[in-house]
Amino acid sequence: MIDNDFSYQQLRKEQYEYNSPENFSELQNPFLSPYTFIKARFYMEMSAVLVYILLKTNIHPNHVTLVYGFSGLLAGFLISLGKSEFIMVGIFIFFTRGILDWTDGHLARKTGKTSLTGHVLDEYGALLGSVGLGFGLGFFVAQRTDYEFLYYLVFLFPILRLLMIHNYAKSVLVRKIILTDHTGSNIIDDSSDSEEKKKPSFFLNLQKFIQNFMDDRARTVDMICLIILIDINLELNLSFYIFIIYILKWFIAFLGSLYVFIRGGYIENEYNEVLKSILKAK
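Since the structure is predicted, the reported quantities are computational estimates derived from the model, not experimental observations.

Conventions adopted
Residues numbered from 1 in each chain as written. Predicted model: local features only at pLDDT ≥ 70, side-chain atom pairs only at ≥ 80, totals over all residues. Heavy atoms only, no water. Helix = DSSP H or I, 4+ residues; strand = E, 2+ residues; numbered from the N terminus. Contact = heavy atoms within 4.5 Å. Areas by Shrake-Rupley, 256 points an atom, 1.4 Å probe, with all protein chains shown as cover. Core = buried A, V, L, I, M, F, W, Y, C linked by side-chain atoms within 4.5 Å. Buried < 20%, exposed > 50% of the residue type's maximum accessible area, 1.4 Å probe, protein only. Phe/Tyr/Trp six-rings, centres within 6.5 Å; stacked < 30°, edge-to-face > 60°. Salt bridge = Lys/Arg side-chain N within 4 Å of Asp/Glu carboxyl O. Axes fitted to C-alpha atoms, helices over the stretch in contact; angles between N-to-C directions. Parallel < 35°, antiparallel > 145°, perpendicular 65-115°, else oblique. Nonpolar A, V, L, I, M, F, W, Y, C, P; charged D, E, K, R; others polar. Expected span 1.5 Å × (residues − 1). Polar contact = N/O pair within 3.5 Å; in protein donor to acceptor, adjacent residues only side chain to side chain. pLDDT = per-residue confidence, 0-100. Patch = residues over 30% accessible without salt bridge, like charges linked within 9 Å, V, L, I, M, F, W, Y side chains within 5 Å.

Student: Go over the overall build of the chain, please, and point to the residues and values.
Tutor: Across its full length, the chain carries 13 helices and zero strands. Starting at the N terminus and walking to the C terminus, you meet the elements of the chain as α-α-α-α-α-α-α-α-α-α-α-α-α. Once local pairs closer than 6 in sequence are excluded, the contacts in the chain between residues at least 24 apart make up 80%. When the accessible surface of the chain is split by element, carbon and sulfur atoms take 65% of a total near 16,400 Å².

Student: Go over the nonpolar core with me, naming the residues and quoting the values.
Tutor: Inside soluble globular proteins, nonpolar side chains tend to come together where they are buried. Grouped together as the largest cluster of nonpolar side chains are 34 residues, with contacts concentrated most on Ile228 and Phe243. When contributions to this core are tallied by element, the ones reaching two or more residues are helix 3 (61–80), helix 4 (84–96), helix 6 (116–145), helix 7 (149–162), helix 11 (218–234) and helix 12 (238–263). The biggest single contributor to this core is helix 12, with eight residues. Excluding residues within four positions of it along the chain, Ile228 makes contact with Ile79, Ile87, Ile91, Leu137 and Phe140. Listed in part, the nine residues of the second largest apolar core include Leu11, Val51, Leu54 and Leu107.

Student: Tell me about the packing of aromatic side chains, and name the residues and values.
Tutor: For the structure on display, the rule yields eleven aromatic pairs. Summarising the aromatic geometry, the rings of Phe157 and Tyr246 are spaced 5.3 Å apart at their centres and angled 25° between planes, so their arrangement reads as stacked. Residue Phe157 is located in helix 7, and its partner Tyr246 is located in helix 12; the two are separated by 89 residues in the primary sequence. The exposure classification of Phe157 matches that of Tyr246, with both residues buried.

Student: Quick one: what's the story with the environment of Ile159, residue by residue and with numbers?
Tutor: Locating Ile159 in the fold gives a position in helix 7. The class for Ile159 is partly exposed, based on a relative accessible area of 44%. In the structure, Ile159 is positioned 92 residues away from Phe251 in sequence and 9.9 Å away in space, judged by C-alpha atoms.

Student: Tell me what's going on with the pattern of salt bridges, and back it up with residues and numbers.
Tutor: Considering all chains together, one arrives at five salt bridges under this definition. Note that Arg161 is salt-bridged to Asp216, the shortest N-O span being 3.3 Å. Separated by 55 residues along the polypeptide, Arg161 in helix 7 and Asp216 in the loop between helix 10 (202–212) and helix 11 bring together distant segments of the chain. For Arg161, a relative accessible area of 9% gives the class buried.

Student: So what about the packing of helix 2 (residues 34–54) against helix 11? Which residues, and what values?
Tutor: Across the interface, helix 2 lies against helix 11 with an axial gap of 10 Å and an inter-helix angle of 100°. Classified by the angle between their axes, helix 2 and helix 11 sit roughly perpendicular to one another. The segment helix 2 lies against helix 11, with Tyr35, Thr36, Lys39 and Tyr43 engaging Ala218, Arg219 and Asp222. In terms of residue class, the contact of helix 2 with helix 11 is built from three nonpolar, one polar and three charged.

Student: Can you tell me about helix 3, naming the residues and giving the values?
Tutor: Look at helix 3: 29 Å from first C-alpha to last across 20 residues, which is about the 28 Å you get at 1.5 Å a residue. Following helix 3 by one or two positions, Gly82 adopts a phi angle in the positive range, close to 80°.

Student: Can you break down the side chain of Gln15 residue by residue, with the values?
Tutor: Positionally, Gln15 belongs in helix 1 (residues 8–18). On the accessibility criterion, Gln15 (1% relative accessible area) is buried. For Gln15, the side chain forms a polar contact with the side chain of Ser47, separated by 2.8 Å. Setting aside its immediate chain neighbours within four residues, Gln15 contacts Met44, Ser47, Ala48, Trp102 and His106.

Student: Residues and numbers for the confidence of the model for the chain, please.
Tutor: Reading fine detail from the predicted coordinates is not recommended where pLDDT is low. Within the chain, residue pLDDT values average 84, and 86% of them lie at 70 or more. The least confident element of the chain is helix 9 (residues 195–198), whose mean pLDDT is 46; the most confident is helix 4, at 97. Considering only residues more than four positions removed or in separate chains, one finds that residues 191–200, a stretch of pLDDT under 50, has eight contacts.

Student: Mind laying out helix 6, listing which residues take part and the relevant values?
Tutor: In this model helix 6 runs 44 Å from its N-terminal to its C-terminal C-alpha over 30 residues, within 8% of the 44 Å that 1.5 Å per residue would give. Downstream of helix 6 by a residue or two, Asp146 has a phi angle that is positive, lying close to 65°.

Student: Outline a nonpolar patch on the surface, listing residues and values.
Tutor: A surface patch of nonpolar side chains, amounting to about 350 Å² of accessible area, comprises Leu66, Phe70, Leu73 and Tyr124. The biggest single contributor to the nonpolar patch is helix 3, with three residues. Here Tyr124 lies in helix 6.

Student: For unusual backbone geometry, give the residues involved together with the corresponding values.
Tutor: Phi at Asp146 takes a positive value of approximately 65°, unusual for a residue other than glycine. Counting through the fold element by element, Asp146 comes out in the loop between helix 6 and helix 7. Taking the relative accessible area as the measure of exposure, Asp146 reaches 64% and is therefore exposed. Although it is not a glycine, Glu235 adopts a positive phi angle of roughly 55°. Topologically, Glu235 is positioned in the loop between helix 11 and helix 12.

Written out as structure tokens, the structure reads:
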């Protein structure tokens, strides 16, 4: 059932209440993450306007999420063309596409159309944006440097992202949970694992740190776009080093993902947590 109470002021209030400092920790202290603090408010203000407009249409929240996802591919494609005018449009899309990410959920809540499908599409949209940025940055750098090996790295980037074993393992885990009769199921006994094995290793902590470094959040995307702008206007080549760091980051994250599974216990622990929830619900 659609909520007809959608004055702009009410929608704006709902945005700030839903994304309050209690729910969004980085809004608690503007001095710790000033850019995130400011950008979040930009998203909230603009998404309230967009939700107000969309509530007067029949547009489904999932349609907004799809536009959010594919806008990242479009922006990356525009940057990859290497022409200043296209690059500027691509950067503008990357800077503003997060508004859609803050809009779809609010629209779904107002129209009573929240769903797991929408959540999956939201995660998928973020992945598409990341791949689009990597492609755009890679082709931009390759054209400016004439280093042919960079074209191989451009295609290596999405391969590393897609072949992260965590992604495949979680899909297998979901299928196992769906297809398994949990009647009489027992929690997998991992008591034989040594305490030393359960302790987080230096390599695991390093892998997590690197994966969080230059992540897919707006602050990283905006920083990369800013560097592209600097390169265009000052004839520098800072983006080359950023792209190399970006590729190294995901290569190390990929190796770390493999290490987690070679070490063992990760997927078993995930399965145990899900099984505990299922048995508790019964």
